[in-house]
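# Inside the fold
One-letter residues, chain by chain:
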Amino acid sequence: MYRRPLQVAARCAVKAAASRGACAKLEQECCLRASAARQPTTSSCLTATRSLHISTQLRNVKETPQHSQEEVGAFTKLFEAMGFTAPLKYNKWKIKIAALRMYTCCVERINYDEFFDKCSLPDTLNSWFLVAQLHVWMCLVRMRQEGREGKFMCRYIVHSMWEDVEQRSKIMGIDATHRKEAMKAMTETFYAAIFGYDEGILSDDCVLAAALWRNLFNRQCEDPQQLELMVEYVRKQMQFIDALDGEDLLLTGEVKWRPLVEENAQSILKVVSPTYNDAGL
């Protein structure tokens, strides 16, 4: 009889040990499952963190200014808004001399008689001015691409043009009253033409032809071939000027124009690099 309680106790001890082993194994399996469940969460967190870091870098890159854009401080903007000119990359006097040379190229290197003949324009001071302002406008478009130095040069190109027009009107014997009225009318014509030509060069040939008809032909052109000739001339001339080096233009102001009529207008003539000394002259 005394053996039965011992056997019962032994069986109970064996069962308890087996149950503890099973619990330990179950706990181990649960830990393995829990650790396996944690791994995707950790990787997803790392992935989210990595993607967030990449997105931050992309946002910083987009906000970084381009190297081609000139950074101008707030003081420089305020200084120039008051009518003054802040220090430039090149000497101001060199740019002024180059601006005078560029305007001289618009006057002396153009065959005005050919324009009068091909476009049926009268040989007058106003017709000369209409042809000259077309070439001056093309120079302004090109130099406005050269930053603050180019804009400074544009001011003196226009200044040289008005001084030349006034001197020519005096040589022709126009009295002061009529000269003042003519200068006022030419000023209005010039700035209206600038807006019209800018719109035309950025649009199709129809808009450019309309601008030439209003400003160059003074609304008196009945031959569509003349408009076609001038549209082709402006397009090829702008393509040719855009190929010129901006630094050379700022230092020399030398511009060579393509002829009004040429056999192969689609080809770009080889640009000859201008020569200048160390002083930029």
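Residues numbered from 1 in each chain as written. Predicted model: local features only at pLDDT ≥ 70, side-chain atom pairs only at ≥ 80, totals over all residues. Heavy atoms only, no water.

### Comments concerning the packing of helix 3 (residues 92–108) against helix 6 (residues 147–171)
Running from N to C, helix 3 and helix 6 cross one another at 50 degrees; their axes reach a closest spacing of 8 Å. Between helix 3 and helix 6, the crossing angle belongs to the class labelled oblique. Helix-helix and strand crossings are classified by hand; for helix 3 and helix 6 the assignment is right-handed. For the pair formed by helix 3 and helix 6, the contact residues are Lys92, Ile95, Lys96, Ala98, Ala99, Leu100, Met102, Tyr103 and Val107 on the first element and Glu149, Phe152, Met153, Tyr156, Ile157, Ser160, Met161, Asp164 and Arg168 on the second. The residue inventory of the contact of helix 3 with helix 6, partitioned by class, reads 12 nonpolar, one polar and five charged. (Axes fitted to C-alpha atoms, helices over the stretch in contact; angles between N-to-C directions. Helix = DSSP H or I, 4+ residues; strand = E, 2+ residues; numbered from the N terminus. Parallel < 35°, antiparallel > 145°, perpendicular 65-115°, else oblique. Left-handed = near helix turned anticlockwise from the far one by under 90°. Contact = heavy atoms within 4.5 Å. Nonpolar A, V, L, I, M, F, W, Y, C, P; charged D, E, K, R; others polar.)

### Some remarks on helix 3
The end-to-end C-alpha distance of helix 3, which contains 17 residues, comes to 24 Å, matching closely the 24 Å that a straight helix rising 1.5 Å per residue would cover. Every buried residue belonging to helix 3 is among Ile95, Ala98, Ala99, Met102, Tyr103, Cys105, Cys106 and Val107, and all of these are buried. Looking at the buried side of helix 3, the elements it contacts are helix 4 (112–118), helix 5 (125–143), helix 6 and helix 10 (246–252). Sitting at the head of helix 3, asparagine 91 places a side-chain oxygen 2.8 Å from the backbone nitrogen of tryptophan 93. (Expected span 1.5 Å × (residues − 1). Buried < 20%, exposed > 50% of the residue type's maximum accessible area, 1.4 Å probe, protein only. Polar contact = N/O pair within 3.5 Å; in protein donor to acceptor, adjacent residues only side chain to side chain.)

### A few points about helix 6
Because an α-helix completes one turn every 3.6 residues, residues spaced three or four positions apart along the sequence face the same direction. Under the 1.5 Å per step criterion, the end-to-end length of helix 6 is 37 Å for 25 residues, consistent within 8% with the ideal 36 Å. Taken from the residues just after helix 6, glycine 173 is the one with a positive phi, measuring 85 degrees.

### Here we look at the environment of methionine 230
Structurally, the position occupied by methionine 230 is in helix 9 (residues 224–242). In this structure methionine 230 comes out as buried when scored by relative accessible area, which is 0%. With near-sequence residues (within four places) excluded, methionine 230 lies in contact with Phe115, Cys119, Leu134, Leu212, Leu216, Phe217 and Leu260.

### Focus: the environment of histidine 135
Here histidine 135 shows up in helix 5. Distance in space between the C-alpha atoms of histidine 135 and methionine 238 is 9.9 Å, their sequence separation being 103 residues. Ignoring anything within four residues of it in the chain, the contact list for histidine 135 reads Cys106, Ile110, Phe115, Tyr233 and Trp257. Within the local environment of histidine 135, its side chain forms a polar contact with the backbone oxygen of valine 131, the two atoms lying 2.8 Å apart.

### Concerning the pattern of salt bridges
In this structure the tally under the stated criterion is eight salt bridges. Note that arginine 142 is salt-bridged to glutamate 146, the shortest N-O span being 2.7 Å. What makes glutamate 146 partly exposed here is its relative accessible area of 21%. Linking aspartate 198 and arginine 144 is a salt bridge whose minimum nitrogen-to-oxygen distance equals 3.4 Å. Linking aspartate 198 in helix 7 (residues 176–202) with arginine 144 in the loop between helix 5 and helix 6, this pair joins segments that are 54 residues apart in sequence. Accessibility expressed as a relative area gives 38% for arginine 144, which makes it partly exposed. The network of salt bridges with common partners includes Lys236, Arg258 and Glu262. (Salt bridge = Lys/Arg side-chain N within 4 Å of Asp/Glu carboxyl O.)

### What about the confidence of the model for the protein?
Averaged over every residue, the pLDDT of the protein is 76; residues scoring 70 or more account for 63%. Taken as a whole, residues 1–6 scores under 50 in pLDDT and shows zero contacts with residues more than four places along the chain or in a different chain. Confidence drops under a pLDDT of 50 for residues 37–69, and excluding neighbours within four residues, the segment shows one contact in the predicted structure. (pLDDT = per-residue confidence, 0-100.)

### Here's the deal with unusual backbone geometry
Unusually for a residue other than glycine, serine 120 sits at a positive phi of about 55 degrees. Within the secondary structure layout, serine 120 lies in the loop between helix 4 and helix 5. Judged by relative accessible area, which is 53%, serine 120 ranks as exposed. With a phi close to 55 degrees, asparagine 218 is a non-glycine residue in the positive phi region.

### Section: the nonpolar core
Formed by 66 residues in total, the largest nonpolar core has its most connected members in Trp128, Leu212, Leu216, Met230 and Trp257. Mapped onto this core, the elements with two or more residues apiece are helix 3, helix 4, helix 5, helix 6, helix 7, helix 8 (205–215), helix 9 and helix 10. The greatest single-element share of this core, amounting to 14 residues, is contributed by helix 5. Contact partners of tryptophan 128, with chain neighbours within four places excluded, come to Tyr103, Val107, Tyr112, Phe116, Asp164, Val165 and Arg168. (Core = buried A, V, L, I, M, F, W, Y, C linked by side-chain atoms within 4.5 Å.)

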